[in-house]
Amino acid sequence: MTMITLPQSLRDAVDDWHTHNQSARRAIINLPDPGSPREPGALYSAGIYPWLADSSDLDERLARLRSVAGEPDVVAIGEAGLDRLRGPGLDVQMPLFISQARIADAVGKPLIIHAVRTIPEIISAHKSLKPRVAWIIHGFRGSPEAAKQLLARPGIYISIGAKYRPEAVELIPADRLLRETDQEG
């Protein structure tokens, strides 16, 4: 299997791989909506949370995402993903996740993934979609076994924030471990 890597230029520009702090720098700032205003000089991710998969304006949100996905300041797609604890069922969330994964592949940008109790589904989607871009599991708090399963897939990176399981993080190679502030910073 060919290893999918994060672009070195992005690695050089980013210290915080996922934040909601709109004034952060050297960070990928998650846009609350793909059409949200952006500040010059900042780096962003644009995506649609899985909790919104059944929203009445989903088609408009996807259109906004497609329109900004190729912009140079939008360096990643997401926060996309699957959430077993919040939002509609996984059967409703999965098509939105797949759409965003395909957008990420089409524009050649990493996919930042919100995965709550859905690691098997994420791995299954990765196997079937065979992405050409890196997938970043953000806010990882999973077990050592979940980390091993994710790391067995080429091109999956793991990002950790303030809360994590040290025994899982010890298993993640330095070149596949990313840091984030998410809500903290």
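Residues numbered from 1 in each chain as written. Predicted model: local features only at pLDDT ≥ 70, side-chain atom pairs only at ≥ 80, totals over all residues. Heavy atoms only, no water.

Quick look at the overall build of the chain
Working step 1: Helix and strand counts for the chain stand at six helices and eight strands.
Working step 2: When the helices and strands of the chain are read in sequence order from the N terminus, they spell out α-β-β-β-α-β-α-β-α-β-α-β-α-β.
Working step 3: Each principal axis of the C-alpha atoms in the chain carries an extent, and together these give about 40 × 35 × 30 Å.
Working step 4: Per-residue burial over the chain gives 52% buried out of 185 residues. (Helix = DSSP H or I, 4+ residues; strand = E, 2+ residues; numbered from the N terminus. Buried < 20%, exposed > 50% of the residue type's maximum accessible area, 1.4 Å probe, protein only.)

Here we look at unusual backbone geometry
Working step 1: Within the chain, Arg-26 stands out as a residue other than glycine whose phi angle is a positive 55°.
Working step 2: With respect to the helices, strands and loops of the structure, Arg-26 is situated in the loop between strand 1 (16-19) and strand 2 (27-30).
Working step 3: Unusually for a residue other than glycine, Lys-130 sits at a positive phi of about 50°.
Working step 4: Here Lys-130 lies in the loop between helix 4 (119-129) and strand 6 (135-137).

What about the pairing of strand 3 (residues 43-46)?
Working step 1: Pairing analysis gives three bridges linking strand 2 to strand 3, with the strands arranged parallel. The residue bridging Asn-30 from the neighbouring strand is Ser-45, located in strand 3.
Working step 2: Pairing analysis gives three bridges linking strand 3 to strand 4 (residues 74-83), with the strands arranged parallel. Note that in strand 4 the partner of Tyr-44 across the bridge is Val-74. (Pairing = 2+ DSSP bridges.)

Some words on the nonpolar core
Working step 1: Counting 45 residues, the largest nonpolar core has Ile-77, Phe-97, Leu-111, Trp-135, Phe-140, Leu-150 and Ile-158 as its most contacted members.
Working step 2: The element best represented in this core is helix 3 (residues 90-107), accounting for six residues.
Working step 3: Apart from the residues within four sequence positions on either side, Trp-135 is in contact with Phe-97, Ala-101, Leu-111, Ile-113, Ile-122, Ala-125, His-126, Leu-129, Gly-155, Ile-156 and Tyr-157.
Working step 4: Core analysis: the second largest hydrophobic core is formed by 13 residues, Ile-4, Ala-134, Tyr-157 and Leu-178 among them. (Core = buried A, V, L, I, M, F, W, Y, C linked by side-chain atoms within 4.5 Å. Contact = heavy atoms within 4.5 Å.)

Focus on the pattern of salt bridges
Working step 1: Under the defined criterion, the tally for this structure stands at seven salt bridges.
Working step 2: When the shortest N-O distance is used, the salt bridge between Asp-33 and Arg-64 registers 2.8 Å. Taken together, the residues span a long stretch of sequence, with Asp-33 in the loop between strand 2 and strand 3 and Arg-64 in helix 2 (residues 58-68) at a distance of 31 residues.
Working step 3: Look at Asp-33 and you get buried, because its relative accessible area is 16%.
Working step 4: Given the relative accessible area of 28%, Arg-64 is considered partly exposed. (Salt bridge = Lys/Arg side-chain N within 4 Å of Asp/Glu carboxyl O.)

Thoughts on the environment of Arg-25
Working step 1: Within the element layout of this structure, Arg-25 appears in the loop between strand 1 and strand 2.
Working step 2: The spatial distance from the C-alpha of Arg-25 to the C-alpha of Ala-13 is 9.3 Å, given a sequence separation of 12 residues.
Working step 3: Non-local contacts of Arg-25, meaning those with residues more than four positions away in its chain, are made with Glu-39 and Ala-42.

Things to note about helix 2
Working step 1: Along helix 2, the positions that sit buried rather than exposed are Leu-58, Arg-61, Leu-62, Leu-65 and Val-68. When helix 2 is viewed along its axis, its buried side chains cluster within an angular range of 135° and face the same direction. Those residues of helix 2 that are exposed and angled more than 90 degrees off the buried face are Asp-59 and Arg-66.
Working step 2: Where helix 2 is buried, its residues contact strand 3, strand 4 and helix 3. (Arc of directions from axis to C-beta.)

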